[in-house]
Amino acid sequence: MRDRAATERARRLRPLWVGLTTVLLVLAALETVALYRVIDGQQAIGTDLDYYQFVAQRWLDTGVFYTERQLSGPYEVQTLVDNLYPPHALYLFVPFLVLPDALWWILPLGVIGYVVWWCRPAAWVWPILALILLFPKTPNQLLYGNTDIWVAAAIAGGVRWAWPSVLVTFKPSLAFFAVIGIRARSWWIAAGFVALASLPFLPLWLDYPTAMVNSTARFWYSFGNLPFFVLPIVAFVGSSRRGATPYLRWTAGLLRGGGNAVRGSGAG
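In this text the structure is predicted, and so the values were computed from the model without any measurement.

## As for the packing of helix α5 (residues 103-119) against helix α8 (residues 148-161)
Interaxial distance between α5 and α8 falls to 9 Å at its minimum, and their mutual angle equals 35°. Relative to α8, the crossing made by α5 is left-handed. Across the interface between the two elements, Leu 103, Trp 104, Trp 105, Leu 107, Pro 108, Val 111, Ile 112, Tyr 114, Val 115, Trp 118 and Cys 119 from α5 touch Ile 149, Trp 150, Ala 152, Ala 153, Ala 156, Gly 157, Val 159, Arg 160 and Trp 161 from α8.

## Side note on the nonpolar core
Ranked by size, the top nonpolar core spans 51 residues in total, and within it Phe 93, Trp 104, Ile 112, Ile 155, Val 168 and Phe 177 carry the most contacts. Secondary structure elements with two or more residues in this core: α2 (47-62), α4 (90-93), α5, α6 (126-134), α8, α10 (202-214) and α11 (226-237). Discounting chain neighbours no more than four positions away, the residues touching Phe 177 are Ile 155, Ser 165, Val 168, Leu 226, Phe 229, Val 230 and Ile 233. Counting 6 residues, the second-largest nonpolar core is a separate cluster that includes Ala 162, Val 166, Ala 184 and Val 194.

## Comments concerning the side chain of Thr 47
Among the secondary structure elements, Thr 47 is positioned in helix α2. Look at Thr 47 and you get buried, because its relative accessible area is 18%. With sequence-adjacent residues up to four places away left out, Thr 47 is seen in contact with Leu 80 and Tyr 144.

## Let's talk about the pattern of salt bridges
Under the counting rule described, the total for this entry stands at 2 salt bridges. In this structure, Arg 69 engages Asp 82 in a salt bridge whose closest nitrogen and oxygen atoms are separated by 2.5 Å. Residue Arg 69 is found in helix α3 (residues 68-72), and its partner Asp 82 is found in the loop between α3 and α4; the two are separated by 13 residues along the sequence. Given a relative accessible area of 32%, Arg 69 falls into the partly exposed group. Between Asp 148 and Lys 171 there is a salt bridge, with its nearest N and O atoms 2.6 Å apart. Here Asp 148 is found in helix α8, whereas its partner Lys 171 is found in the loop between α8 and α9 (185-198), with 23 residues between them in sequence. Comparing Asp 148 with Lys 171, the two get one shared label, buried.

## Some thoughts on α11
When the terminal C-alpha atoms of α11 are compared, their 16 Å separation across 12 residues agrees well with the 16 Å that a helix rising 1.5 Å per residue should span. Every buried residue belonging to α11 is among Phe 228, Phe 229, Leu 231, Pro 232, Ile 233, Ala 235 and Phe 236, and all of these are buried. What you see down the axis of α11 is that its buried residues fit within an arc of 165°, all on one side.

## As for the side chain of Gln 53
Take Gln 53: it is sitting in helix α2. The residues contacting Gln 53, other than those within four sequence positions of it, are Phe 96, Leu 97 and Asp 101.

About the thresholds
- Residue numbers here run from 1 along each chain, matching the order of that chain's written sequence.
- The model is predicted, so local features are restricted to residues of pLDDT at least 70 and side-chain atom pairs to those at 80 or more, both for listing and for counting; the totals for chains, interfaces and linings are taken over all residues.
- For the side-chain quantities, the full set of heavy atoms in the structure was used; hydrogens and water were omitted.
- Axis definition: a line fitted to C-alpha atoms, limited for helices to the stretch in contact. Angles are taken between N-to-C directions and run from 0 to 180 degrees.
- Each helix is a run of H or I in the DSSP string that is no shorter than four residues. Each strand is a run of E no shorter than two, and both are numbered from the N terminus.
- Note: crossing handedness is left-handed where the near helix turns anticlockwise from the far helix by less than a right angle, and right-handed where it turns clockwise.
- Residue contacts are counted whenever heavy atoms from the two residues lie within 4.5 Å of one another.
- Note on terminology: a nonpolar core comprises buried Ala, Val, Leu, Ile, Met, Phe, Trp, Tyr and Cys residues joined through side-chain atoms within 4.5 Å.
- When a residue's accessible area, from a 1.4 Å probe over protein chains only, is under 20% of the maximum for its type it is buried; when over 50% it is exposed; and in between it is partly exposed.
- Each reported salt bridge corresponds to a side-chain nitrogen of Lys or Arg within 4 Å of a carboxyl oxygen of Asp or Glu.
- The span you would expect from a helix comes to 1.5 Å times its residue count less one.
- It is the directions from the helix axis to the C-beta atoms whose arc is reported.

The structure is reproduced here in structure tokens:
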């Protein structure tokens with residue numbers, strides 16, 4: 001009877017959630033258009049991607065990943081000047097010297113969209129997801145082509161398959177998201193693969209701590225877009241599925257208080 005009452009209440013409230021979500025999505029679209037006009041007027045659409053390609057090409061041409069200014073002493077971090085990424089980020093940057101730029105957006109956004117769809121979030125979650133899209137930092141980073149979209153995709157992949165969350169390590173300030181799916185065997189295999197793949201960059205890894213310690217950057221410098229990063233987690237926590245994958249039950253238990261983890265075989 002309790003389940004029937006809950007179902008009936010959800011049915012009655014659904015039009016409210018749909019209407020609120022629609023309003024928020026319209027506002028998010030209008031905000032994105034306005035930001036696009038401003039950023040495009042500055043000729044800055046995709047400038048973050050341009051910088052990553054520059055860093056990758058410079059490394060291929062000269063072997064320089066961290067500049068002398070970063071390694072010689074304290075420095076004030078300048079956007080699109082100082083590289084704060086660990087060496088294995090080259091595995092993301094270098095391919096986009098030849099891949100179509102459009103894939104920089106299509107691939108991660110496709111993963112995020114698929115995982116949110118797979119989670120089948122309940123109607124009450126829809127306005128929360130729309131509100132995340134309305135958060136100004138979200139469209140801002142999308143338009144600049146910041147690696148935040150890839151971080152969000154890695155987190156989404158972790159929610160669905162466990163192992164992709166390991167890839168969050170290319171932005172160490174957000175590495176706590178990398179523990180999503182840590183109990184899965186695939187996560188440990190991926191972690192081992194990333195460690196092995198990092199070995200060719202050992203000299204750069206020796207420089208990395210110096211470049212970071214010398215900088216004015218603090219560990220929270222990437223926290224500005226946390227809402228976008230937690231979007232797939234919100235979708236999972238509010239999932240209407242009865243089949244969250246087994247290796248994520250512990251995550252559901254942690255986020256939901258332990259007693260209401262999603263149950264099922266994990267098909268799909």
